[in-house]
Amino acid sequence: MTYQADDQRYERQPYNRSGRSGLKLPAVSLGLWHNFGDNRPIDNSRAILRRAFDLGVTHFDLANNYGVPYGSAEKNFGRIFHDDFAKYRDELIISTKAGFDMWPGPYGEWGSRKYVLASLDQSLQRMGLDYVDIFYSHRPDPETPLEETMGALDRAVRSGKALYAGISNYSAEQTTQAARIMRELGTPLLIHQPSYSMINRWIEGGLLDAVEEAGMGCIVFSPLAQGLLTDRYLEGVPADSRAATSRFLSADRIDRDLARDLNEIAKTRGQTLAQMALSWTLRDPRVTSVLIGASSVKQLEDNVACVDGPDFTEDELQAIDKITGSASQAR
């Protein structure tokens, strides 16, 4: 069936300006890290993407090595894009990244100009796109001058292969340095993508201040701490859960008492634990958008509904801080 987007899609969620730029992003964006590779049914991926756009999710976030095998998320997204979303290209923000290992040899990861620009070309080819809206340096390279990596991002924008440049997983100090270099080059950084959740608050230790000072936006990933901040583990570790099957999360990291205590607060707010955790990341106006993953349409719908939750009271925020105090950690 030919896809036709919902006419009411822009009435479903707010759109926030990214720093001091002219670009707005949806409060909830969709990340394609885990659920869009060749190990997942493409019809399910298609259904998730269609429903996301119908719910006002205009931003789809990828990276060169997303999916199993590497690159398959971009390839599958490209197939779905050309079938369903090509006519909506100007309504979409599509991002990708380069930084982690992608191909063998000394030029297949980190931040050299060689790798960064080659990776962008490969990503565009896999997705069948002329350009991406945001292109990120996925992590800082300790052995490559920051000027070289930022110069590659500047080149990506000036070549027309990316509209904006961003960084991910950079410290506050590295962010300040990168922003200065990019301003001098004439291509200001648009956005920073760090991990952030109620139990991973490292960006509160200076990064949010650095991002604000640089005029950048902030889009956070892993807001549910790989599923720890959901009802998935309230009674144990299901055999088909990420903690039981993924190398990114182990069962010994599950703190059921913490999740249960937080879940009680969520109930009083009329939210699920996941919805409250997502709402919590968006409470700070410096956070432009929150990235969610979804393995089903229902999970997507439940998570996007976080935008309908009430504002936090001071008592709720203090109670959350008390519960998560021992679990909060600086990077």
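Below: a short report on this structure. This one's a predicted model, so the numbers in the text were calculated from it and none came from an experiment.

So, how was this worked out
- Residues numbered from 1 in each chain as written.
- Predicted model: local features only at pLDDT ≥ 70, side-chain atom pairs only at ≥ 80, totals over all residues.
- Heavy atoms only, no water.
- Helix = DSSP H or I, 4+ residues; strand = E, 2+ residues; numbered from the N terminus.
- Contact = heavy atoms within 4.5 Å.
- Expected span 1.5 Å × (residues − 1).
- Buried < 20%, exposed > 50% of the residue type's maximum accessible area, 1.4 Å probe, protein only.
- Arc of directions from axis to C-beta.
- Core = buried A, V, L, I, M, F, W, Y, C linked by side-chain atoms within 4.5 Å.
- Pairing = 2+ DSSP bridges.
- Right-handed = clockwise from strand over helix to strand, strands pointing away.

### Describing the side chain of Thr-144
Thought 1: Mapped onto the elements, Thr-144 comes out in the loop between β6 (132-137) and α4 (146-158).
Thought 2: Ignoring sequence-local partners within four residues, the contact set of Thr-144 consists of Gly-111, Ser-112 and Thr-149.

### Quick look at helix α8 (residues 256-268)
Thought 1: The first and last C-alpha atoms of α8 sit 19 Å apart over 13 residues, in line with the 18 Å expected at 1.5 Å per residue.
Thought 2: Along α8, the residues that are buried comprise Leu-258, Ala-259, Leu-262, Asn-263, Ile-265 and Ala-266. Take α8 and look down its axis: the buried residues cluster within an arc of 160 degrees, on one side only. For α8, the exposed residues lying more than 90 degrees away from the buried face are Asp-257, Lys-267 and Thr-268.
Thought 3: Summarising the contacts, the buried residues of α8 are in contact with α9 (273-281) and α11 (314-324).
Thought 4: Residue Gly-270 follows α8 closely and has a positive phi angle near 75 degrees.

### Focus on the nonpolar core
Thought 1: In this structure, Leu-30 and Phe-60 are the most contacted members of the largest nonpolar core, which totals 88 residues.
Thought 2: Each residue touching Leu-30, except ones within four places of it in the same chain, is listed here: Phe-36, Ile-48, Leu-49, Ala-52, Val-57, His-59, Phe-60, Asp-61, Leu-291, Ile-292, Ala-294 and Leu-300.
Thought 3: Ile-93, Ile-134, Leu-190 and Leu-291 belong to the second-largest nonpolar core, a separate cluster that totals 10 residues.

### A word on the pairing of strand β7 (residues 162-168)
Thought 1: Most of β7 is tucked away: 5 of the 7 residues are buried.
Thought 2: Sheet topology note: the β6/β7 ladder contains 5 bridges and is parallel. Bridge assignment links Val-132 to a residue of β7, and that residue is Ala-162.
Thought 3: Viewed along the sheet, the connection from β6 through α4 into β7 turns out right-handed.
Thought 4: Direction of pairing for β7 relative to strand β8 (residues 189-193): parallel, over a ladder of 4 bridges. Bridge pairing in β8 links Ser-168 to Gln-193.
Thought 5: The handedness of the β7 to β8 crossover, carried by helix α5 (residues 172-185), is right-handed.

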